[in-house]
Amino acid sequence: MASDVREQAHGSVASQLHSSEEDRAFDMTTSEKVVELLNQAALISTEEKLIVLKQVQELIINKDPSLLDNFLDEIIAFQTDKSIEVRKFVIGFIEEACKRDCELLLRLIANLNMLMRDESVNVVKKAILTLSQLYKVALQWLVRTKSVSDMQEACWDMVTQLKEDVLALLDSDNDGVRTYAIKFTESLIITLSPRTPDSDTPKKQEGDISLDKIPKDHTYIRYDTLCDEGKLALEQLLKFMVHPAISSINLTAALGSLATLARQRPMFMSEVVQAYETLHANLPPTLAKSQVSSVRKNLKLHLVSVLKHPSSVDFQGQISTLLLDLGMSQSEISRCTPATVQPRKRLHHEPYVEGKRTKMVEDDDDKEEPAPVVTPKPSSSSGTQSSIDLTAEFLLPLLNPENVANLVLISMVYLPEVMPASFQATYTPVESAGTDAQIKHLARLMATQMTAAGLGPGLELCKARDEEVKEEDGGMGESSSKDPLIIRKLSAVSLGQAISVVGAQQAAYKSPVTEEAPQIKKLPEPILPTTQPKAPGASGRKKVFKLADVVQPFSEAQIEKLANMAIKRILQSEKAIAQSGMSHVRVKLLARLVTQFEGGKKNDLLQFILEDMRGRSELAFSLLFHEYNEYLGQQPSGSLDSYEHCLFTLLSGLQEKPEQRDGLFTKLVLEAPVITDSALEVIQRYCEDESRVYLGMSTLKELILKRPSRQYQYLNVLLNLSSHEKEKVRSTALSFIKRMYEKEHLKDCIEKFALTYMQFLVHPNPPSLLFGAGEDTEVAASWTEETVRQCLYLYLSLLPVNHCLVHELAAVYTEAIADIKRSVLRVIEQPIRGMGMSSPDLLLLVENCPKGAETLVTRCLHILTDKVPPSPELVERVRDLYHKRVPDVRFLIPVINGLEKNEVIQALPKLIKLNPIVVKEVFNRLLGTQHSEGSPSMSPLTPGELLIALHNIDSSKCDMKSIIKATNLCFGEKNVYTSEVLAVVMQQLMEQTPLPILLMRTVIQSLTMYPRLAGFVMNILARLIHKQVWKYPKVWEGFVKCCQRTKPQSYNVLLQLPPPQLASVFERCPEMREPLLQHVHAFTPHQVHSIQAHIPASVMAVLEANSRKPEPEPQPELHHPEIIEEREVCCDEAEVATDLFFCFVMYIRV
Amino acid sequence: MPAHPLRVAVVCSSNQNRSMEAHNILSKRGFDVRSFGTGTHVKLPGPAPDKPNIYDFKTTYEQMYNDLVRKDKELYTQNGILHMLDRNKRIKTQPERFQSCKEQFDLVITCEERVYDQVLEDLNSREQETFQPVHVINVDIQDNHEEATLGAFLICELCQCIQHTDDMENEMDELLQEFEEKSHRPFLHTVCFY
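All values derive from a computational prediction rather than experimental measurement.

Remarks on the overall build of chain B
Here is step 1 of the chain: Each helix and strand in chain B was counted, giving six helices and seven strands.
Here is step 2 of the chain: Taken across its 194 residues, chain B has 58% of its residues classed as buried.
Here is step 3 of the chain: Of all intrachain contacts in chain B linking residues separated by at least 6 positions in sequence, the fraction that spans at least 24 positions is 73%.
Here is step 4 of the chain: For chain B, the accessible area works out to roughly 8300 Å², and carbon and sulfur atoms hold 49% of it.

Re the state of the cysteines
Here is step 1 of the chain: As enumerated under the stated definition, the model contains zero disulfides over all chains in all.
Here is step 2 of the chain: Residue cysteine 1043 of chain A stays outside any disulfide, its sulfur separated by 5.8 Å from that of cysteine 1042 of chain A, the closest cysteine.
Here is step 3 of the chain: Of the cysteine sulfurs around cysteine 156 of chain B, a residue in no disulfide, the closest is that of cysteine 159 of chain B, at 6.7 Å.
Here is step 4 of the chain: Among the residues examined, cysteine 156 of chain B registers a relative accessible area of 1% and is labelled buried.

Considering helix α27 (residues 556-572) of chain A
Residue and element names in this part refer to chain A.
Here is step 1 of the chain: Helix length check: α27 (17 residues) gives 24 Å between terminal C-alpha atoms against 24 Å at 1.5 Å per residue, within 8%.
Here is step 2 of the chain: For α27, the set of buried residues is Ala563, Ile567, Ile570 and Leu571. Within α27, the buried residues cover an arc of 105° as seen down the axis, which keeps them to one side. Residues Ala557, Lys561, Arg569 and Gln572 are exposed on α27 and point more than 90 degrees away from its buried face.
Here is step 3 of the chain: Where α27 is buried, its residues contact α28 (574-580), α29 (583-596) and α30 (600-611).

Comments concerning the sheet that holds strand β2 (residues 32-37) of chain B
All names here are of chain B.
Here is step 1 of the chain: The sheet built from five strands is open, its strands ordered β2-β1-β5-β6-β7 with mixed pairing. Bordering the open sheet on either side are β2 and β7 (187-193), each of which pairs with just one other strand. Neighbour-to-neighbour, the strand axes of the sheet open up by a mean angle of 20°, direction not taken into account.
Here is step 2 of the chain: Pairing geometry for strand β5 (residues 107-110) and strand β6 (residues 133-139), over four bridges, is parallel. If you follow valine 108 over to β6, its bridge partner there is valine 136.
Here is step 3 of the chain: Sheet contacts for helix α6 (residues 168-183): β5, β6 and β7; angle to β7, the most-contacted strand, approximately 160°.

Focus: the interface of chain A and chain B
Here is step 1 of the chain: At the interface, 41 residues of chain A touch 33 residues of chain B.
Here is step 2 of the chain: Interface area lost by chain A to chain B is led by Lys183, Ile249 and Lys297 of chain A, which between them contribute 17%.
Here is step 3 of the chain: Taken together, the connections running from chain A to chain B amount to four salt bridges.
Here is step 4 of the chain: The tally of links between chain A and chain B comes to twelve residue pairs in polar contact (both at pLDDT 80 or more).
Here is step 5 of the chain: Put simply, the parts of the chain that give the side of chain A that touches chain B at least two residues each are α1 (2-9), α8 (121-144), α10 (175-191), α12 (248-264) and α14 (289-308) of chain A.
Here is step 6 of the chain: At eight residues, the largest contribution of residues to the side of chain A that touches chain B is made by α14 of chain A.

As for the environment of alanine 262 of chain A
Residue and element names in this part refer to chain A.
Here is step 1 of the chain: Turning to its location among the elements, alanine 262 is positioned in helix α12.
Here is step 2 of the chain: Note on alanine 262: relative accessible area 0%, which makes it buried.
Here is step 3 of the chain: For the pair formed by alanine 262 and leucine 303, sequence separation is 41 residues and the distance between their alpha carbons is 9.9 Å.
Here is step 4 of the chain: Residue contacts for alanine 262: discarding those within four places in its chain leaves Met269, Val272 and Val306.

As for the nonpolar core
Residue and element names in this part refer to chain A.
Here is step 1 of the chain: If you look at the biggest cluster of nonpolar residues, it comprises 191 residues, and the most contacted ones within it are Tyr795, Ile828 and Phe1039.
Here is step 2 of the chain: Top element by residues in this core is helix α39 (residues 785-798). It accounts for eight residues.
Here is step 3 of the chain: Once residues within four sequence positions are removed from consideration, isoleucine 828 is found in contact with Leu796, Leu809, Leu856, Arg859, Cys860 and Ile863.

Some remarks on the packing of α12 of chain A against helix α13 (residues 269-281) of chain A
All names here are of chain A.
Here is step 1 of the chain: As a packed pair, α12 and α13 sit with axes 9 Å apart at the nearest point and diverge in direction by 150°. By the criterion of interaxial angle, the relationship of α12 to α13 is roughly antiparallel. The chirality of how α12 crosses α13 is left-handed. Contacts between α12 and α13 pair Leu251, Leu255, Leu258, Ala259 and Ala262 from the former with Met269, Val272, Ala275, Tyr276 and Leu279 from the latter.
Here is step 2 of the chain: Per-class residue counts for the contact of α12 with α13 are ten nonpolar, no polar and no charged.

Focus on the packing of helix α9 (residues 150-168) of chain A against α10 of chain A
Residues and elements named next belong to chain A.
Here is step 1 of the chain: Remark: α9 packs on α10, axes separated minimally by 8 Å, with the N-to-C direction vectors making an angle of 130°. Considering their axes alone, α9 and α10 lie oblique with respect to each other. Note on packing geometry: the crossing formed by α9 with α10 is left-handed. Touching Lys163, Val166 and Leu167 of α9 are Ala181, Phe184, Thr185 and Leu188, all from α10.
Here is step 2 of the chain: Of the residues contributing to the contact of α9 with α10, the split by class is five nonpolar, one polar and one charged.

Thoughts on the pattern of salt bridges
Side-chain pairing between opposite charges can occur once the charged atoms of the two side chains come close.
All names here are of chain B.
Here is step 1 of the chain: Summed over all chains, the structure comprises 35 salt bridges over all chains.
Here is step 2 of the chain: Note that arginine 34 is salt-bridged to glutamate 103, the shortest N-O span being 2.4 Å. A residue pair is termed long-range when its members are at least 10 positions apart, and arginine 34 in strand β2 and glutamate 103 in the loop between α3 (81-91) and β5 qualify at 69 residues.
Here is step 3 of the chain: You can call arginine 34 partly exposed: its relative accessible area is 25%.
Here is step 4 of the chain: Aspartate 67 serves as the salt-bridge partner of lysine 71, at 3.2 Å between the closest nitrogen and oxygen. Placement of the pair is lysine 71 and aspartate 67 together in helix α2 (residues 61-78), with a separation of four residues, close to one helical turn.
Here is step 5 of the chain: Taking the relative accessible area as the measure of exposure, aspartate 67 reaches 14% and is therefore buried.
Here is step 6 of the chain: Salt bridges sharing common partners tie together Arg18, Glu112, Arg114 and Asp143.

Description of the pairing of β5 of chain B
Residue and element names in this part refer to chain B.
Here is step 1 of the chain: The side-chain alternation of β5 yields two buried faces, one formed by Leu107 and Ile109 and the other by Val108 and Thr110.
Here is step 2 of the chain: Judged from the four bridges that link them, strand β1 (residues 7-12) and β5 form a sheet pairing that is parallel. Each residue of the ladder has a partner; that of valine 11, found in β5, is threonine 110.
Here is step 3 of the chain: Assessed by its sense of winding, the connection that carries the chain from β5 through helix α4 (residues 113-125) to β6 is right-handed.

A closer look at a negative patch on the surface
Here is step 1 of the chain: A surface patch of negative charge is lined by Asp166, Glu171, Glu174, Glu178 and Glu181 of chain B.
Here is step 2 of the chain: You can see aspartate 166 of chain B is positioned in the loop between α5 (145-164) and α6.

Details of the packing of aromatic side chains
Here is step 1 of the chain: Considering all chains together, one arrives at eleven aromatic pairs over all chains under this definition.
Here is step 2 of the chain: Feature note: the residues Tyr628, Tyr631 and Tyr643 of chain A constitute an aromatic cluster, connected by ring pairs.
Here is step 3 of the chain: In this structure, lysine 216 of chain A is placed above the aromatic ring of tyrosine 223 of chain A, and the distance from its NZ or CZ to the ring centre is 4.8 Å.
Here is step 4 of the chain: Looking at lysine 182 of chain B, its charged tip hangs above the ring of phenylalanine 179 of chain B, at a distance of 4.7 Å from the centre.

Some thoughts on the pairing of strand β3 (residues 42-48) of chain B
Residues and elements named next belong to chain B.
Here is step 1 of the chain: Bridge analysis of β3 against strand β4 (residues 51-55) gives four bridges, and the strand direction is antiparallel. By the bridge assignment for β4, leucine 44 is matched with asparagine 53.
Here is step 2 of the chain: Connecting β3 to the next strand, β4, in antiparallel fashion are two residues.

Considerations on the environment of asparagine 720 of chain A
All names here are of chain A.
Here is step 1 of the chain: When you line up the elements, asparagine 720 lands in helix α36 (residues 711-721).
Here is step 2 of the chain: Taking the relative accessible area as the measure of exposure, asparagine 720 reaches 28% and is therefore partly exposed.
Here is step 3 of the chain: As a C-alpha pair, asparagine 720 and alanine 754 span 34 residues in sequence and 9.9 Å in three-dimensional space.
Here is step 4 of the chain: In this structure, asparagine 720 is in contact with Phe753 and Tyr757, ignoring residues within four places of it in sequence.

Here is what the cut-offs are and how they apply
- Residues numbered from 1 in each chain as written.
- Chains lettered and ligands numbered in written order.
- Predicted model: local features only at pLDDT ≥ 70, side-chain atom pairs only at ≥ 80, totals over all residues.
- Heavy atoms only, no water.
- Helix = DSSP H or I, 4+ residues; strand = E, 2+ residues; numbered from the N terminus.
- Buried < 20%, exposed > 50% of the residue type's maximum accessible area, 1.4 Å probe, protein only.
- Contact = heavy atoms within 4.5 Å.
- Areas by Shrake-Rupley, 256 points an atom, 1.4 Å probe, with all protein chains shown as cover.
- Disulfide = S-S within 2.5 Å.
- Expected span 1.5 Å × (residues − 1).
- Arc of directions from axis to C-beta.
- Pairing = 2+ DSSP bridges.
- Axes fitted to C-alpha atoms, helices over the stretch in contact; angles between N-to-C directions.
- Buried area = accessible area lost by both parts, 1.4 Å probe.
- Salt bridge = Lys/Arg side-chain N within 4 Å of Asp/Glu carboxyl O.
- Polar contact = N/O pair within 3.5 Å; in protein donor to acceptor, adjacent residues only side chain to side chain.
- Core = buried A, V, L, I, M, F, W, Y, C linked by side-chain atoms within 4.5 Å.
- Parallel < 35°, antiparallel > 145°, perpendicular 65-115°, else oblique.
- Left-handed = near helix turned anticlockwise from the far one by under 90°.
- Nonpolar A, V, L, I, M, F, W, Y, C, P; charged D, E, K, R; others polar.
- Right-handed = clockwise from strand over helix to strand, strands pointing away.
- Patch = residues over 30% accessible without salt bridge, like charges linked within 9 Å, V, L, I, M, F, W, Y side chains within 5 Å.
- Lys, Arg positive; Asp, Glu negative; His and termini not counted.
- Charge placed at Lys NZ, Arg CZ, Asp CG, Glu CD.
- Phe/Tyr/Trp six-rings, centres within 6.5 Å; stacked < 30°, edge-to-face > 60°.
- Lys NZ or Arg CZ within 6 Å of the ring centre and 35° of its normal.

Structure, rendered in structure tokens:
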């Protein structure tokens, strides 16, 4: 009939048709014309051929059917035409011909069978359509025939076989073919079920055959068999509908078919409504959003059409609920509901179902469930229907708020990650939540799901009942008793595949199913073939070629192997492809391929890249970016593992390779989209390699400056390197950090790090992180010089840049233990010197001098003044400190040359009491005899003044021993204390009154050093006599000793002594008397005259009187006078300790 | 590719603007195309939104044109109605109602959801006979000249793609998904049977 319509469109064909009056006259010519046309058709193009063939068809079917038989073979010959359209025409022709003359079926059905297996789907589709028509034609024809011939039997067998084949095509791979198969199934069900008075049959199909027209006593056609086949077809259609991956078009078609079935065969109303219900609750998750709307629109349309049918009366509740859910208003629904309905339609169905059994079921219904059943169900309702009702009944009282809340909570776990489009589309806020109606609806929804999953009391009950029925049935026909079983089995299987959005129960039991990823695209797999395409049967028909039948899927291992080999080939074709200039394609391809695979291939590729990293860097980058892309694609749940592995391997490879100096490493690091932790470790290792430390750190620096988001992490790596054990690594790191320290935003971080490290020093033991991760940390390791330094490297390098930090050091210093203090003092020289004494912060430190940090401050002062004279500011601060806060004279030493003369003199007593080494230092400073070759500092005291000051120290302030030691130091400096200087000193001392105690000691020392001073000394001695030197016991003692030493020059001086004093001299040294007497006697007369005149008699008396006493009295104390011996040092031990430490402070050098 | 050209129907509500624009373009591209309206009357904009010009489907484009020229030539020139009618009468004589056409198509394209619903209702209410499928696709197009032009091109592209498929029914789903992504509008799609 399709061709009919098409023909109308073609005027050319119509014009060639002749009116019926002329028929007879042109009888001959019709035949001739057909021959002519057929001859033409063999030669012309497809399009014209179609026109011509249609003319022929018109002529031999409608105009002169008697010709049909004659030309049949000629037309059928076109079934092998290469044009699809021509083959389709042949099918159309077969249909028309068979309709015209049923007998032709015998000859043509085989051709249809052949065309049904045509390679073109469009031909197959056309064949399916034709079979829908011819099935009815064939059935009718056979029913009419009273005695069926063998030929007819064979023909019917083939028709039946074809029917089965088309039903099997419900599982076809082709969407369109499936659609046609659905329509065929629909038509088949209509034909194989009885028409009833309430059937809504289209006018044109009034005459069509249906089950009710088939006599039950037909010789060949079995009513029961056909009836079963019809039911089976319905089952297949219903099963097809619930496939979770059904395409939207198939679903649409099936929905329409169901509506047709419900209207034309109201006995199926129950199955149809139930199928709609199930579908509504389980829209296939594979549908896209717009497809969901299309399907819902269709569902609504068909539900309305079903609702309009009078037999829907028993299902109005369910249908309205569905329609409400689909967004139709109550008023619209009522408008579509048939107004007057006959209450008991079901009576009309009875002729269909075998009377006896129906009654029994009804009887059972009445007996077993007398009250609870809601509405009287149509007798045709299947077991599933009632079990849903029962389960819903059972659930209803259980749906209290608490249970529902629990169900919701439990089902949360099973919700898919992405909301399926179907759910999104179908979700409408529940307006009537909590009302009875809504709870009933919910109970029913759940019951549908549970029954489908094979659960619930309703199902149990029904099963039990069915068993009973079966038993009672006893010898009943097998087919009928099998019926409910089949349905149940089917629904259990099919709904196991349906993905539930609502039903938590199902999800709980079928979790593997729910894990099926909700894909939006096409069908992943064609419908599961439950009925295998039949093996070539007795009819000897050819098997359709299906690729899937002849090929075996590879095993995992084979796939793996093939993929590996393919990738290897691409890898190895490097040169060939490079020559062809398509290497960028190869790179892209490799990267993409490998990114998608796990494990082995990736490593192979990485290895390949590393073999010649320079040459294959492009590949490396491409791979890296692809990996990253992959990761981005999987957001937000993606993992960086794969990317990380890739980056890590590349970097490690570069790092481990020696002599890779072309900056590839840097490039890789800087271009990598993300630096992962492990990559950072590689960078760190790279930096630790002494030969590449500079490159590594430059890279790190770039990272820090150009990747602000994680710069602190990178910075931390660099900072950690600043305390590295390798000197080169450390110093490079420090210089990089110093440069970075100038950047305002990094400053804080660096500073914090440095201070944190320094803070470690206050701990009793060094923290484990100083030992690096590798070493097994002994918890109680003690501080060593090295560990202390590690904590300070960074800090000390920052100090000259940021002077404020010095205060932190002081704070830490005060808390640290002695060992650490020592180390600190040792390492600060450079930075402190770098700061210079004009640094305000350093001055501030001196001014504040925290308690406990005195040694630190002193050390700083020493460092500062080591080579240069102290600045007035510094001197001022120190003076201040000394006077106001810490009266420790040692502070003054470094700045001593900056002090006023009197200050120095005041401090002297304290200074000389210090440790000899310190005292020496002080003197060095004061005397300008420091070992430095810098500008000589200007001492406030001249050497002479110093010596004099020493003599004038109040002995109550300082013990004589120290003073003597101090003067000895002066005498030690022969270069400074020349004879002239000493002469001046002696001169000045001698003029003092009272005489300094040490005067004579100094005189003697000077004399010892410079014997040529003897004359001058005589002079001094003579003048001392005038000053009545004997009044100062100590000086007098020295005087005597000096005379003794300087004899014989001193004789003249002795002679000037008054007699008592001379006597005193002799008392002390009796051995002097004789030589002196002889000296006097030895005077020449001239001398005698001149001298004797001066030698009073009393003196002579002393000289001579005692000459009789020859015995010399040894006087040990004169040989070892206390004041002259200076060896021993007696101080208490504590004093010694601090002084020693202090010496240490001054002399340590880094 | 099917040997016969795709038989296409383009349907809007009044068979004036959207369907005619598409009809125009499709026929120029060689499609076997017809256009229809689904409304009970043909409505054209009038002097005010609540005063449209209403004709029945028997009125020819020519008659409408003359009627409007008589009523207010300037207004209808300015809003493009006369131009549109002028174009329409070159394509065919008068608007056609989809529900009255018994010809079979391979593809029916509707221009708004309401029209789509009406087409579906009509097709489903017909008695099925041959089971020849017809695909109905809705492409939402606003009823103004610019959108009509854009929509017509989209429809044309869609038809060309469908025409070029080897097996239209097998590839339709995928094709529409692609088009949805490309054009960022949802297509309603269903199949009906004659």
